[in-house]
Amino acid sequence: MLETYQNALLQLHPVQWAIIGLFALLFLFQIVYILLFNLRAARHKSTPGKASQPISLLMVLRNEEDNLRSNLPPVLSLPGTEIEVVAVDNYSLDNSHLVLQSIQTTDQRVRISRLKQDTDFSEKMAQNIGLKAARYDWILPVAPSTSAFGTEWLSHTSSMLNGSNDVVVSYSNVAPTGSFFNLLYRTEFFFQQLRSFGFILNGMPFVVAQENVAFKKEKYFGVGGYRGRITESLLQLEMVINSFITRKNVSLSLTGKTAILENRRVSFKDYIDLIKREKRLREYLPSSVSFWLVLHNWVNFLMLPVAAAVVLLVPMLWTVVLIMMSLLVLANVFIIKKLLKDLNERKLFLPSFLIALFLPVLRFIFGAVYGSYGRRKGWKKVI
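Parameters at a glance
- Along each chain, residue indices are assigned from 1 in the same order as the chain's sequence is written.
- With pLDDT at 70 or above as the cut-off, local features in this predicted model cover only qualifying residues; side-chain atom pairs require 80 or more to be listed or tallied, and sums for whole chains, interfaces and linings still use all residues.
- With hydrogens and water set aside, each side-chain value is computed from the structure's full complement of heavy atoms.
- What counts as a helix is a DSSP run of H or I of at least four residues, what counts as a strand is a run of E of at least two, and both are numbered from the N terminus.
- Exposure categories follow from relative accessible area, calculated using a 1.4 Å probe and restricted to protein chains: below 20% of the type maximum is buried, above 50% is exposed, and the middle band is partly exposed.
- Note on terminology: a nonpolar core comprises buried Ala, Val, Leu, Ile, Met, Phe, Trp, Tyr and Cys residues joined through side-chain atoms within 4.5 Å.
- In this analysis, two residues are considered to be in contact whenever any of their non-hydrogen atoms come within 4.5 Å of each other.
- Pairing between strands is defined by DSSP: at least two bridges between them are needed.
- A fitted line through C-alpha atoms represents every axis, and for helices the fit uses only the stretch in contact; the resulting angles, taken between N-to-C directions, go from 0 to 180 degrees.
- One fewer than the residue count of a helix, multiplied by 1.5 Å, yields its expected span.
- Surface patches are defined over residues having more than 30% relative accessible area and no salt bridge, joining like charges when they lie within 9 Å and nonpolar side chains (Val, Leu, Ile, Met, Phe, Trp, Tyr) when within 5 Å.
- Using the Shrake-Rupley algorithm and a 1.4 Å probe, accessible areas are obtained, with residue cover drawn only from the displayed protein chains.
- Any Lys or Arg side-chain nitrogen found within 4 Å of a carboxyl oxygen on Asp or Glu counts as a salt bridge.
- The path from the first strand over the helix to the second decides the hand: if it runs clockwise while the strands point away from the viewer, the crossover is right-handed.

### As for unusual backbone geometry
For N63, which is not a glycine, the phi torsion comes out positive at approximately 55°. With respect to the helices and strands, the residue N63 is situated in the loop between β1 (55–61) and α3 (65–76). Phi at N212 is positive, roughly 60°, even though this residue is not glycine. If you trace the backbone, N212 turns up in the loop between α7 (180–201) and β8 (213–216). N212 sits in the buried class, given a relative accessible area of 1%.

Written as structure tokens, this is what we have:
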């Protein structure tokens with residue numbers, strides 16, 4: 001039988017050999033990436049320090065009176081660390097400001113600022129106001145919709161803030177609602193963060209979003225804050241954080257103790273915005289990091305089509321292709337399951353695994369469709 005395979009391989013055309021070679025190259029890249037990036041993230045253990053640092057929770061809000069009533073008091077009741085909430089009302093038209101004042105009467109750790117006029121890029125202006133008003137050295141952006149967190153969220157985060165780091169990255173996502181677009185968004189955001197975690201652990205650090213990322217206030221002002229970048233419509237503090245994050249000044253907290261979920265609705269447009277935001281973020285990253293991110297996306301997109309091409313053009317290799325693809329699937333299943341368990345995101349395991357198989361294709365299709373639509377609306381291309 002082995003001789004039959006050898007004779008058949010000797011008769012292959014150059015095109016067939018090229019497809020086989022491309023498949024082997026893509027497979028090798030996937031294996032190396034899984035071992036050096038994803039597996040390292042799944043095995044990473046956060047190391048809290050003995051001392052804790054006070055934290056200023058930065059909360060910029062607009063028309064969030066219901067979320068403030070239900071979510072802010074539980075945050076203030078968390079034990080174990082010294083905090084303040086710097087709330088900046090970004091021209092709310094509801095009773096958000098009154099709700100904040102009511103909470104402030106019972107807890108003086110809430111400090112309130114207010115923008116009384118709606119302007120372009122007012123959210124970034126509000127963040128800048130809040131950062132200037134913060135009394136503590138460490139800042140942690142918090143959305144009013146943050147509703148699910150452990151009792152050790154702030155105390156564990158606080159224990160990781162020390163003199164050897166300037167940024168501490170933890171996991172965040174939206175809470176599950178059962179809708180398809182919610183699941184799609186949650187899965188995409190999880191894998192975006194997984195890429196960020198792997199790159200951080202391999203000395204190419206970047207963050208994909210500002211949520212649940214603690215940073216030193218002095219670093220924000222040291223790079224000029226939003227100076228020269230305030231007109232960027234898709235990105236917020238993650239853009240600034242990526243301008244001062246380095247391989248030596250960032251720590252990861254990949255544990256359910258510091259993971260948070262936001263109680264907010266997401267739609268198909270939110271999913272598209274999530275993809276656009278990641279693409280836009282690459283333009284603010286070092287060229288080497290951006291290159292590897294683009295390469296990783298293309299490898300993921302090409303893997304399934306090239307595997308199918310090998311089976312179609314060289315049918316006798318279908319068992320080899322099946323075994324190799326199964327190895328990739330099993331490796332990813334192990335990593336995803338372990339990491340989601342560590343992050344208390346067990347409900348995302350099976351759906352995320354199934355969607356992940358088709359996520360690169362979905363990203364490409366949606367990118368092409370909305371890239372064309374977006375040009376008519378003045379958007380940037382998605383992919």
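### So, the nonpolar core
The biggest cluster of nonpolar side chains holds 74 residues, and the ones touching the most others in it are F23, V167, V169, F190, F199, F206 and F215. The greatest single-element share of this core, amounting to twelve residues, is contributed by helix α2 (residues 14–43). Here F23 is in contact with M303, V306, A307, V310, V321, M324 and M325, once residues within four sequence places are set aside. Core analysis: the next-biggest nonpolar cluster, separate from the first, contains 26 residues, M59, V75, L76 and V110 among them.

### Considerations on the sheet that holds strand β3 (residues 110–115)
Sheets are built from strands paired through backbone hydrogen bonds, the pairs being either parallel or antiparallel. Within the open sheet, the seven strands sit side by side as β3-β2-β1-β4-β8-β6-β9. Their pairing is mixed. Single-partner strands in this sheet number two, and they are β3 and β9 (250–253). Ignoring which end each strand starts from, the neighbouring axes of this sheet average 20° apart. In this structure, strand β4 (residues 138–141) lies alongside β8, joined through two bridges in antiparallel fashion. From the neighbouring strand, W138 faces β8, where its bridge partner is K216. Contacts from helix α4 (residues 96–106) reach β1, β2 (83–90) and β3 within the one sheet, and its direction differs from that of β3 by about 160°.

### Examining the sheet that holds strand β10 (residues 260–262)
Pairing in this open sheet of three strands is mixed, and the strands run β5-β10-β7 from one edge to the other. The open sheet has two edge strands, β5 (146–149) and β7 (172–174), and neither has a second partner. Shown here is a sheet whose adjacent strand axes are inclined to one another by a mean of 30°, direction ignored. Relative to β10, β5 is paired through three bridges, and the arrangement is antiparallel. Counterpart to F149 in the pairing with β10 is I260. Taken strand by strand, α7 contacts β7 and β10, and its axis lies near 170° from that of β7.

### Here's the deal with helix α10 (residues 268–282)
Counted at 1.5 Å a residue, the expected span for α10 with its 15 residues is 21 Å, and the 22 Å between its end C-alpha atoms agrees. Counted residue by residue, α10 has 13 buried out of 15 residues, so it is predominantly covered.

### Points about a nonpolar patch on the surface
Nonpolar side chains collect at one region of the surface, where L28, V32, L35 and L36 lie side by side and expose about 340 Å² of accessible area between them. Along the chain, L35 turns up in helix α2. Take L35: its relative accessible area is 47%, and that puts it in the partly exposed class.

### What to know about the pairing of β2
The buried fraction of β2 is high, at eight of eight residues. Alternating positions in β2 separate into two faces, I83, V85, A87 and D89 on one and E84, V86, V88 and N90 on the other, with burial throughout. Bridge analysis of β1 against β2 gives seven bridges, and the strand direction is parallel. Along β2, the bridge assignment pairs V60 with V88. Handedness of the β-α-β unit built from β1, α3 and β2 comes out right-handed. As judged from the six bridges shared by β2 and β3, these two strands associate in the parallel manner. Residue pairing across strands places D89 opposite R114, the latter belonging to β3.

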